[in-house]
Amino acid sequence: MKVLVVGNGGREHAIIQSLKKSKKITQLFAIAGNGGISADAITVDMNVKDVDKIADWAVENKIDFAVVAPDDPLVLGAVNVLNDKGIPCFGPTKQAAIIEGSKIFSKNLMKKYGIPTAKYETFSDMEKALSYLDTCDMPIVIKADGLALGKGVIIAENLDDAKKAVKGMMEDKMFGQSGSNIVIEEFLTGPEVSVLSFTDGKTLVPMVSSMDHKRALDDDKGLNTGGMGTVAPNPYYTEDIAKECMEKIFIPTMNAMNSENRTFKGCLYFGLMLTPKGPKVIEYNCRFGDPETQVVLPLLKTDLFEIMQAVAEERLSEIKVEFKKKSACCVIMASKGYPEKYEKGYEITFNTSRKNVFVAGAKLDGDKLLTNGGRVLGVTAVAFTLKGAIKKAYKKVSKIHFANAFYRSDIGKRALKAYGEKR
Ligand code: AMP
Ligand code: GLY
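Residues numbered from 1 in each chain as written. Chains lettered and ligands numbered in written order. Predicted model: local features only at pLDDT ≥ 70, side-chain atom pairs only at ≥ 80, totals over all residues. Heavy atoms only, no water.

## Details of the environment of Leu-82
Turning to its location among the elements, Leu-82 is positioned in helix α4 (residues 78–84). Separated by 312 residues in the primary sequence, Leu-82 and Tyr-394 have C-alpha atoms spaced 40 Å apart. Beyond its immediate sequence surroundings of up to four residues, Leu-82 is in contact with Ala-55, Ala-58, Ala-66, Val-68, Ile-87 and Cys-89. (Helix = DSSP H or I, 4+ residues; strand = E, 2+ residues; numbered from the N terminus. Contact = heavy atoms within 4.5 Å.)

Below, the structure is given as structure tokens:
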């Protein structure tokens, strides 16, 4: 079968390396892919947001199945357009992708169906938002309603900063139209856990849990980024907590989307916080997380394509989804300066196998691979213990070189501590 993956980052590279193991797939394509992905798939240069063009290309090239990975094309309705043209897809329709596309939608959904989340109010009027802030305890969390490249969340420590954030979003449009409407919500505390799940709207199968490291610098200092590394499983996510999340959050969310006539099919991502009052939803994503996918998929034992087809055909209950009883660690190698200003165009050299080295931002120049983004590589290793996975990942990192490379040296440290250094 000819399979197309839409997307161009490390997540898509991990999906492609995983799909490549399926015997059913004869040809793999990526729109747009990148210089690293082209080692594993045929890349086609096109904007991932150009959903009509992508669908036309897929029809012309007789694509049998498409995987739409990033939030933008999903929210824009790429799956609707592809389905209309007769191409089965893994990924939610536009109607279901709103669970990530609008924070106001997702907060109201949780309130309506009793799914645990932070207390909140929504605003479309700045003056009302500002006077509401006078009644709030600090810190407080301010979120732009729409997609904002993962940057639309501001945690304000005091009233002054909170007011600045509201004005920045609603008046100065720091996140464009995404900030015309906002959510102001209670600040929660506790360890964070990412749980990706497969769902066809009838069955929901959680994948192995993971832990992101969002801050740019060691010890969770520095600016928020798209993610500087991940480990899986997440030690805080015990069997009891998993059971509670399944009963109180995952299944109720799947059912709520069905009740709203927005059946969700694809990968539903739960960003959770394990608060003293129990697990609560921080955010939903309508897609695989990045860089969570780079640790979750290398642990998947079952054929990913079989699962994706079963999801599209609403027969996920027939598939036994299994994960290796191992640990994985992914260290992001970024360009110095990320997430702000950084330089590009430096040659990347590998003194190690490229298996499980996922390319996020690089382009080919002849046969040279050059850095071409903030996050450049996701270097993943799998081992029987978390300690082993961390050691192996950093050993691999030490064998990969490019000018101005920058990475955190403590990925997995907190997780290891939570295990009592035992694993
Ligand atoms: P996001 O950019 O949506 O991935 O979220 C950024 C981060 O903001 C999350 O990973 C949390 O660490 C933090 N965050 C979001 N909402 C809350 C909240 N209600 N309380 C505390 N931290 C939050
Ligand atoms: N790593 C968080 C996300 O993909 O949004």
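## Topic: a nonpolar patch on the surface
Together, Val-153, Ile-155 and Phe-187 make up an exposed nonpolar region whose accessible area comes to about 230 Å². The topology assignment puts Val-153 in strand β8 (residues 153–156). (Patch = residues over 30% accessible without salt bridge, like charges linked within 9 Å, V, L, I, M, F, W, Y side chains within 5 Å. Areas by Shrake-Rupley, 256 points an atom, 1.4 Å probe, with all protein chains shown as cover. Salt bridge = Lys/Arg side-chain N within 4 Å of Asp/Glu carboxyl O.)

## Notes on the site of ligand 1
Residues in close proximity to ligand 1 total 15 residues, the closest being Glu-185, Glu-186, Leu-188, Glu-192 and Lys-214. Separating a nitrogen atom of ligand 1 from a side-chain N or O atom of Lys-143 is a distance of 3.1 Å. Between ligand 1 and Lys-214, the relevant distance is 3.3 Å, taken from an oxygen atom to a side-chain nitrogen or oxygen of the residue. Notes on ligand 1: free accessible area 490 Å², of which the protein chains cover 90%. (Near = heavy atom within 4 Å. Polar contact = N/O pair within 3.5 Å; in protein donor to acceptor, adjacent residues only side chain to side chain.)

## A few points about a negative patch on the surface
Judged by side-chain charge, Asp-125, Glu-127, Glu-171 and Asp-172 come together as a negatively charged surface patch. Its location among the elements puts Asp-172 in the loop between α8 (159–170) and β9 (182–186). What makes Asp-172 exposed here is its relative accessible area of 57%. (Lys, Arg positive; Asp, Glu negative; His and termini not counted. Charge placed at Lys NZ, Arg CZ, Asp CG, Glu CD. Buried < 20%, exposed > 50% of the residue type's maximum accessible area, 1.4 Å probe, protein only.)

## Focus: the sheet that holds strand β10 (residues 192–199)
Judged by pairing direction, the sheet is antiparallel, and its four strands sit side by side in the order β11-β10-β16-β17 without closing on themselves. Either end of the sheet is taken by a strand with one partner, and the two such strands are β11 (204–206) and β17 (278–285). Sheet twist, expressed as the mean angle between neighbouring strand axes with direction ignored, is 35°. Relative to β11, β10 runs antiparallel, the two sharing three bridges. Along β11, the bridge assignment pairs Ser-197 with Pro-206. (Pairing = 2+ DSSP bridges. Axes fitted to C-alpha atoms, helices over the stretch in contact; angles between N-to-C directions.)

## Side note on the site of ligand 2
Around ligand 2, a shell composed of Asp-212, Lys-214, Tyr-269, Asn-285, Arg-287, Gly-289, Asp-290 and Glu-292 is seen. Contact distances for ligand 2 include 3.1 Å between an oxygen atom and a side-chain N or O atom of Asn-285. Arg-287 is positioned such that a nitrogen or oxygen atom in its side chain is 2.9 Å from an oxygen atom of ligand 2. Surface burial for ligand 2 is 88%, taken as the share of its 200 Å² of free accessible area covered by protein chains. Each residue belonging to the shell around ligand 2 can be placed in one class, and the counts come to one nonpolar, two polar and five charged. (Nonpolar A, V, L, I, M, F, W, Y, C, P; charged D, E, K, R; others polar.)

## Here's the deal with the nonpolar core
Judged by nonpolar contacts, the single largest core of 48 residues is most densely connected at Leu-4, Trp-57, Ile-99, Phe-250 and Leu-272. Counting residues in hydrophobic clusters, the runner-up holds 47 residues, among them Ile-37, Phe-198, Cys-267 and Phe-305. (Core = buried A, V, L, I, M, F, W, Y, C linked by side-chain atoms within 4.5 Å.)

## Let's talk about the pairing of strand β23 (residues 375–383)
In the case of a regular strand, side chains alternate between the two sheet surfaces. Among the nine residues that make up β23, nine are buried, leaving the element largely enclosed by the rest of the structure. By the bridge criterion, three bridges tie strand β20 (residues 357–359) to β23 in an arrangement that is antiparallel. Counted as the bridge partner of Val-357 is Val-379 from β23.

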